[in-house]
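# A structural walkthrough
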Amino acid sequence: MTTPVNVTVTGAAGQIGYALLFRIASGAMLGPDTPVRLRLLEIPQAVKAAEGTAMELDDCAFPLLDGIDIHDDPAAGFAGTNVALLVGARPRGPGMERADLLEANGGIFGPQGRAINAGAADDVRVLVVGNPANTNALIAASNAPDVPKDRFTAMTRLDHNRALSQLARRADVPVSQVRRVTIWGNHSASQYPDVFRADVAGTPGARYADEDKLWLADDFVPTVAKRGAAIIEARGASSAASAANAAIDHVHDWVLGTPEGDWTSAGLWSTGEYGVPEGLVSSFPVTSSGGAWQVVEGLDLDAFSRERIAASVQELSEEREAVRALGLV
Ligand SMILES: NC(=O)C1=CN([C@@H]2O[C@H](COP(=O)(O)OP(=O)(O)OC[C@H]3O[C@@H](n4cnc5c(N)ncnc54)[C@H](O)[C@@H]3O)[C@@H](O)[C@H]2O)C=CC1
Ligand SMILES: O=C([O-])CC(=O)C(=O)O
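None of the values given here were measured: they were computed from a predicted structure.

## Overview of the packing of helix α6 (residues 157-171) against helix α10 (residues 241-256)
Direction vectors running N to C along α6 and α10 enclose 105 degrees, while the axes themselves pass 8 Å from each other. Of the possible angle classes, the one that applies to α6 and α10 is roughly perpendicular. Contact with α6, carried on its side by Arg157, Leu158 and Asn161, involves Ser242, Ala243, Ala246, Asp249 and His250 of α10 and no other residues of that element.

Here it is as structure tokens:
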């Protein structure tokens, strides 16, 4: 049998954790041939709830689930881990922006970055889901100097999937026929979902944008960018199953590759692509092969897109200043 992959999930007793763990154990994330060993990392008060989830995981008798360990100490939770999903953090409530969580959540990601640095496997791949995801990824990466920066990513795949779905609805085509949309910038209301370079069942996405500027600026962009708030308003709690699904998609594509002719979106440590200052964790169009993300380079950006991207990147710079002032990086 193949050696199991160690997968650490923080916030395992939370609502995203509950929607995520069963799918990881079923093979949805790493494929049907890869056994997994789950490490659930929680705060001490939530360990009992995590134990309950572990009992349910046992009760599923997943053939690929090699074992489950529960920890409340980051050093133990990340020791030898190959894939780390940093979900554990407070969600926002109605009327809050994700950046309002910076002070409450930022402090979680420095110690976790240090624990990953000290003990994770050499091939560790980290996805930060806890908000504000981009800047929390920046904090974690900055506290893990020995881990290559491209191993720390922030989740904008949920925004990407939202954009696919909204564009498919507008064009009245199946979502499977929409390709190459991009989320640029921050996982926040300033993000820029870009349809200009998309392919919509063979029609350039730019046609929808050019024909109907009002739809683009007043409907599509805000619907995608503010979807998280709309879910909180409707459900009384932030998105969970769709967030877990996006985390599965992100790690699946990172490890197993993106389909030929398409790309997806992920928050990556910038090395200056598209003028994004180095060291900000910003969302880009990305492909994956050989277990590594590559930014899709050379896209010719129109003025509308450039302006929107710059605004979101400016917000990321401000968040970096804020966490510097808090001494977190
Ligand atoms: N990037 C994205 O697209 C999305 C991000 N999120 C974010 O994901 C995070 C989690 O959301 P939910 O699961 O709904 O929250 P939740 O409140 O249901 O669960 C959070 C869990 O994290 C645990 N936790 C807190 N501090 C921890 C620490 N230091 N170590 C380990 N565990 C810790 C808590 O005990 C709790 O069980 C929130 O910050 C939310 O805003 C949510 C949806 C989408
Ligand atoms: O909006 C929130 O706070 C939760 C989240 O990140 C999302 O649903 O995109």
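## Here we look at the site of ligand 2
Taken together, the residues surrounding ligand 2 are Pro91, Arg92, Arg98, Asn131, Leu158, Gly228, Ala229, Ile231, Ser238 and Ser239. Ranked by residues supplied to the shell around ligand 2, first place goes to helix α9 (residues 227-235) with 3 residues. In terms of residue class, the shell around ligand 2 is built from 4 nonpolar, 4 polar and 2 charged. There are two domains that each give the shell around ligand 2 at least three residues, and those are domain 1 (5-154) and domain 2 (157-319).

## Concerning the site of ligand 1
As a structural note, the neighbourhood of ligand 1 is formed by 29 residues, with Gly11, Gly14, Ile16, Gly88 and Ala243 the closest of them. When residues in the shell around ligand 1 are grouped by element, the largest group, 3 residues, is from helix α1 (residues 15-26). By residue class, the composition of the shell around ligand 1 is 15 nonpolar, 11 polar and 3 charged. Each of domain 1 (5-154) and domain 2 (157-319) contributes no fewer than three residues to the shell around ligand 1.

Definitions and cut-offs
Residues numbered from 1 in each chain as written. Chains lettered and ligands numbered in written order. Predicted model: local features only at pLDDT ≥ 70, side-chain atom pairs only at ≥ 80, totals over all residues. Axes fitted to C-alpha atoms, helices over the stretch in contact; angles between N-to-C directions. Helix = DSSP H or I, 4+ residues; strand = E, 2+ residues; numbered from the N terminus. Parallel < 35°, antiparallel > 145°, perpendicular 65-115°, else oblique. Contact = placed C-beta atoms within 7 Å. Near = placed C-beta within 6 Å. Nonpolar A, V, L, I, M, F, W, Y, C, P; charged D, E, K, R; others polar. Domains from an automatic or database assignment.

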